[in-house]
Amino acid sequence: MTLRSHALTYEPLAPEHAAELLADFQDERVHQFVPTRLPRSLESLQREYAEFAAGAPPGSGQIWLNWAIRDELNQHYVGTLQATRFNDGQLWVGYTGVPRRWGQGIATAAVSWRAAELNSRFPGQRPLAAVDTRNLASIRVLERTGFSLLRREPAELHGVATEDFIYIHGPASAA
């Protein structure tokens, strides 16, 4: 099922999306503040997307919701959007945008859509998001889309000790 909001279309992530996203996702800036690594090849990214499309492992109690984001105006893919509901009921969101389109409101629109969609799908379960404390652009996106800082916690990124901010959708005082 393809969904639309604003000037963006959200399609279930599939191996076919890898061809257009590969070059942009090989940009080192994409991986500067997230634990993902540069895709090694088209085939490796296609395998990763096939795994996402297959869904959570049976019996895991998880629900995986992964989408490709397409710009309606030029029909190009401009990022991916993820949500995982773990068996303990926690709901986490993440996103990746293509660098050539950063600063154009795409992440803000996508995260807003994702949070609203999750709120209707999982009423009463507020999404969480982790962001490296140095990733000012993503911090702004989360705050613009109704997320509130919940806590700060130690993290590791590419073998180096760092810190993450944990955000929750809605007021942190209600958590």
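Cut-offs used in this document
- Within each chain, residue numbers correspond to sequence positions counted from 1 in written order.
- For this predicted model, a pLDDT threshold of at least 70 governs which residues receive local features, and a threshold of 80 or more governs which side-chain atom pairs are given and counted, while totals over whole chains, interfaces and linings are taken from all residues.
- To obtain the side-chain values, all non-hydrogen atoms of the structure were used and water was disregarded.
- By salt bridge we mean one thing: a side-chain nitrogen of Lys or Arg within 4 Å of a carboxyl oxygen of Asp or Glu.
- Numbering of helices and strands runs from the N terminus; a helix is a DSSP stretch of H or I covering at least four residues, while a strand is a stretch of E covering at least two.
- Each residue is assigned to one of three classes by its accessible area relative to the maximum for its type, calculated with a 1.4 Å probe on protein chains only: buried under 20%, partly exposed between the two thresholds, exposed over 50%.
- Only heavy atoms enter the contact rule, under which two residues are in contact if any of them lie within 4.5 Å.

When you look at the pattern of salt bridges in this model, what are you seeing that I'm missing?
Charged atoms that come close allow side chains of opposite charge to pair. As enumerated under the stated definition, the model contains 9 salt bridges in all. In this structure, R121 engages E117 in a salt bridge whose closest nitrogen and oxygen atoms are separated by 2.8 Å. With R121 and E117 both in helix 3 (residues 106–121), this residue pair falls 4 residues apart, about one helical turn. On the basis of relative accessible area, E117 is assigned to the buried category, the value being 13%. Taking the shortest distance from any N to any O, the salt bridge between R134 and D132 comes out at 2.8 Å. R134 gets classed as partly exposed once you look at its relative accessible area, which sits at 46%. Members of the salt-bridge network, linked through shared partners, are R114, E117 and R121.

What exactly am I supposed to notice about the environment of R114 here?
Counting through the fold element by element, R114 comes out in helix 3. Accessibility expressed as a relative area gives 1% for R114, which makes it buried. Setting aside residues no more than four positions away along its own chain, R114 makes contact with L65, W67, L81, Q82, A83 and V93.

Please clarify how the side chain of S138 should be interpreted in this entry.
Topologically, S138 is positioned in helix 4 (residues 136–144). For S138, the contacting residues outside a window of four places in its chain are Y95 and V131.

Interpretation note: all reported values are geometric properties and have no functional meaning in isolation.
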